[in-house]
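Overview (structure and organization)
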Amino acid sequence: MKTLTRFSNTIMERYLPDPYIFVAILTVIVFGLGIVFTDSGPLDMVVHWGDGFWELLAFTMQMVIVLVAGHVLASSPVFKKLLSSLASLAKSPGSAILLVTVVSLIACWINWGFGLVIGALFAKEIARKVTTVDYRLLIASAYSGFIIWHGGLGGSIPLTIATADHKFESTMGIIPTSETIFSTYNLVIIAILFITIPLLNRFMMPKPADTVSIDPKLLEERVEVEQEQTLTPASRLENSFILSMLIGALGIIYLVQHFIGKGFDLNLNIVNLMFLILGIIFHGTPKRFLAAVANAVKTAGGIIIQFPFYAGIMGMMVMSGLAEVMSEWFVSISTEATFPVLTFFAAGLVNFFVPSGGGQWAVQAPIMLDAAQTLGVSYSKTAMAIAWGDAWTNMIQPFWALPALAIAGLRAKDIMGYCVFVLVLSGIVVSLGLFFL
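Residues numbered from 1 in each chain as written. Predicted model: local features only at pLDDT ≥ 70, side-chain atom pairs only at ≥ 80, totals over all residues. Heavy atoms only, no water.

**Thoughts on the overall build of the chain**
Scanning the chain from terminus to terminus reveals 22 helices and zero strands. Over its C-alpha atoms the chain spans a radius of gyration of 22 Å, differing by no more than 12% from the 22 Å that the globule rule assigns to 437 residues. With the C-alpha coordinates aligned to their principal axes, the bounding extent of the chain is approximately 75 × 50 × 45 Å. A total of 437 residues make up the chain; the buried ones form 55% of that total. For the chain, the share of sequence-separated contacts (at least 6 apart) that also reach a separation of at least 24 residues comes to 81%. By element, 68% of the accessible surface of the chain is carried by carbon and sulfur atoms, the whole surface being about 18700 Å². If the 23 positive side-chain charges of the chain are averaged to one point and the 26 negative ones to another, these points end up 17 Å apart. (Helix = DSSP H or I, 4+ residues; strand = E, 2+ residues; numbered from the N terminus. Rg over C-alpha atoms; globule rule 2.2 N^0.38 Å. Buried < 20%, exposed > 50% of the residue type's maximum accessible area, 1.4 Å probe, protein only. Contact = heavy atoms within 4.5 Å. Areas by Shrake-Rupley, 256 points an atom, 1.4 Å probe, with all protein chains shown as cover. Lys, Arg positive; Asp, Glu negative; His and termini not counted. Charge placed at Lys NZ, Arg CZ, Asp CG, Glu CD.)

**Some words on helix α5 (residues 77-87)**
Of the residues making up α5, those classed as buried are Phe79, Leu83, Ser84 and Ala87. The buried residues of α5 all sit within an arc of 135° when viewed along its axis, so they share a single face. Turned more than 90 degrees off the buried face of α5, the exposed positions are Lys81, Leu82 and Ser85. Buried residues along α5 sit against α4 (57-74), α7 (112-129) and α14 (268-283). (Arc of directions from axis to C-beta.)

**Considering the side chain of His150**
Looking at the secondary structure, you find His150 in the loop between α8 (135-144) and α9 (156-161). Judged by relative accessible area, His150 falls into the buried class, the value being 0%. Of the polar contacts made by the side chain of His150, one reaches the side chain of Ser156; its length is 3.1 Å. Look past the residues within four positions of His150 in its chain and what remains in contact with it is Gly155, Ser156, Ile157, Pro158, Gly357, Met384, Ala387, Asp390 and Ala391. (Polar contact = N/O pair within 3.5 Å; in protein donor to acceptor, adjacent residues only side chain to side chain.)

**Focus on the packing of helix α2 (residues 19-37) against helix α17 (residues 322-332)**
Remark: α2 packs on α17, axes separated minimally by 10 Å, with the N-to-C direction vectors making an angle of 70°. The pairing of α2 with α17 is recorded here as roughly perpendicular in orientation. Taken as a pair, α2 and α17 cross one another with a handedness that is left-handed. Residues Val30, Leu33, Gly34 and Phe37 of α2 form the contact with α17, whose own contacting residues are Leu322, Val325 and Met326. Each residue belonging to the contact of α2 with α17 can be placed in one class, and the counts come to six nonpolar, one polar and no charged. (Axes fitted to C-alpha atoms, helices over the stretch in contact; angles between N-to-C directions. Parallel < 35°, antiparallel > 145°, perpendicular 65-115°, else oblique. Left-handed = near helix turned anticlockwise from the far one by under 90°. Nonpolar A, V, L, I, M, F, W, Y, C, P; charged D, E, K, R; others polar.)

**As for the nonpolar core**
Ranked by internal contacts, the top residues of the largest apolar core, which has 141 residues, are Ile126 and Trp361. For this core, the element with the most residues is helix α22 (residues 412-436), which contributes twelve residues. Non-local contacts of Trp361, meaning those with residues more than four positions away in its chain, are made with Ile157, Ile161, Phe168, Met172, Pro366, Leu369, Ala383 and Ile386. (Core = buried A, V, L, I, M, F, W, Y, C linked by side-chain atoms within 4.5 Å.)

**Considerations on unusual backbone geometry**
With a phi close to 70°, Asp165 is a non-glycine residue in the positive phi region. Take Asp165: it is sitting in the loop between α9 and α10 (169-172).

**Concerning the side chain of Ser320**
Take Ser320: it is sitting in helix α16 (residues 301-320). In this structure, Ser320 is in contact with Thr38, Ser40, Met45, His48 and Gly315, ignoring residues within four places of it in sequence.

**Brief notes about the environment of Phe114**
Following the sequence through the fold, Phe114 ends up in helix α7. Classification of Phe114 by relative accessible area gives partly exposed; the value is 23%. Measuring from C-alpha to C-alpha, the distance between Phe114 and Ser76 comes to 17 Å, with 38 residues separating the pair along the chain. The contacts of Phe114, once residues within four sequence positions are left out, are Ala107, Val271 and Phe275.

Shown next as structure tokens:
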């Protein structure tokens with residue numbers, strides 16, 4: 001395993017480009033595929049790209065806030081102590097890898113946005129405690145937990161089809177979560193991944209001579225707050241503990257009301273609000289909070305620039321019909337027994353170009369649901385096959401790794417050599433689960 005991971009890391013280091021170059025290459029590939037395999041001409045593909053370019057603008061802002069708010073919360077004294085206490089459980093590089101993987105899996109099963117940020121922040125804190133751990137593998141382990149998000153409590157597809165008036169209710173009806181998230185086959189897949197992924201990450205630990213550790217001093221969050229020489233009404237407000245507590249109380253009251261009225265609805269906006277409100281409270285004063293924000297914003301550049309290009313790719317995939325062409329090909333070679341697995345593979349392929357669970361469901365559902373009815377496969381299993389495919393190839397898709405990489409201060413090529421093996425393992429586990437259970 002050590003030899004394989006060393007080879008994989010060497011390949012990724014040599015050939016995997018910067019995430020911006022990656023998305024640029026994907027753009028060119030999809031542009032060409034759309035011309036070859038659909039009725040769209042070059043000008044049509046340009047229009048599709050431009051029309052879709054800003055479609056993820058709201059989501060981009062959400063992801064920027066996830067990253068910034070997570071940074072702000074992590075730099076607060078209270079949260080630092082909490083993470084430090086939990087990180088103290090790791091006594092060796094091996095236990096550090098196991099611990100961060102398990103925490104990430106649990107957090108991502110609860111909510112993907114929560115898991116992405118918490119996993120990376122926790123990994124950084126562990127790196128401060130266990131200085132001999134391989135930092136690249138540690139961050140890869142934190143990201144590996146993301147593989148289970150669509151089979152967990154925050155899975156967008158199973159939650160969507162369990163809600164009245166969803167887009168495909170006339171075709172499939174309302175599918176309760178007991179048939180998707182809490183179905184036997186899904187719970188078995190989750191349980192196996194919870195056991196095997198931490199062990200896989202542990203086995204991928206490099207030899208001491210090949211270990212790339214990091215100086216703990218480089219991981220310190222330096223938040224500088226300018227000191228006022230004279231107290232003015234404005235400076236008193238900027239350093240007002242009471243003002244921060246009032247805003248914090250407002251947010252907490254809203255969150256309590258939200259969970260009372262809607263149950264455990266931990267959507268991305270609620271996660272962001274939780275991070276921001278806790279950051280405001282834990283930093284104590286507006287000035288300290290804003291200084292932490294200014295420090296955190298520096299890491300958000302990759303998301304701001306690259307996400308619109310992915311939206312452009314999605315526009316070409318959807319508007320040209322290329323995503324449908326890919327899905328229909330997999331359907332054409334399917335049987336009743338193989339359909340769930342091939343749907344999983346199809347979703348994994350489409351996810352490279354449409355890295356959005358909701359967007360992917362909108363594109364693939366009409367084709368896959370019609371095929372499921374023809375082949376006699378349950379709608380619920382078809383939906384979960386698409387959900388797992390959407391999560392699966394995230395392991396080698398820089399789109400979702402950007403927040404974790406920004407928090408960690410690493411490049412995609414630093415972790416993808418390890419993530420390839422998580423992709424292989426999870427692909428085998430999910431395929432067997434969908435085929436036999």
